Amino acid sequence: MNEPNMPQKKPYVVELKADQPYLYCSCGKSGNQPFCDKSSHKDTGVLPRKFTVETDGTYKLCGCKKTKNPPFCDQTHKSL
Ligand code: FES
């Protein structure tokens, strides 16, 4: 598997809706961060991650692509 790109060294703060399926960009190349743009990951060997949240709200999605709890920021970016 290829190393993902790091679009930014901090999380993306986004509003998410409960039970709506989202596709998180895992390759770091999407032009629609932090979400998959359905084309940039091709040939990277890295697939997007489908996820949902249980409640409407504001979430921090990982922008460094190094989190151990994707798609959510786990503060790993602070040690990069
Ligand atoms: S932005 Fe990646 S762990 Fe925080």
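Everything in this summary refers to the structure shown in the same document. (Residues numbered from 1 in each chain as written. Predicted model: local features only at pLDDT ≥ 70, side-chain atom pairs only at ≥ 80, totals over all residues. Heavy atoms only, no water.)

**Quick notes on the overall build of the chain**
A count of helices and strands for the chain gives zero helices and four strands. If you line up the chain on its principal axes, its C-alpha atoms span 35 × 30 × 20 Å. Counting across all 80 residues of the chain, residues that qualify as buried make up 40%. Of the contacts formed within the chain by residues at least 6 apart in sequence, a portion of 55% connects residues at least 24 apart. Of the roughly 5000 Å² of accessible surface on the chain, 48% is carried by carbon and sulfur atoms. (Helix = DSSP H or I, 4+ residues; strand = E, 2+ residues; numbered from the N terminus. Buried < 20%, exposed > 50% of the residue type's maximum accessible area, 1.4 Å probe, protein only. Contact = heavy atoms within 4.5 Å. Areas by Shrake-Rupley, 256 points an atom, 1.4 Å probe, with all protein chains shown as cover.)

**Overview of the side chain of Gln33**
Along the chain, the position of Gln33 falls in the loop between β2 (22–24) and β3 (49–51). A relative accessible area of 17% places Gln33 in the buried class. At 3.1 Å, the side chain of Gln33 forms a polar contact with the side chain of Lys65. Once you skip the residues sitting within four places of it in the chain, Gln33 turns out to touch Pro7, Tyr12, Cys25, Gly28 and Lys65. (Polar contact = N/O pair within 3.5 Å; in protein donor to acceptor, adjacent residues only side chain to side chain.)

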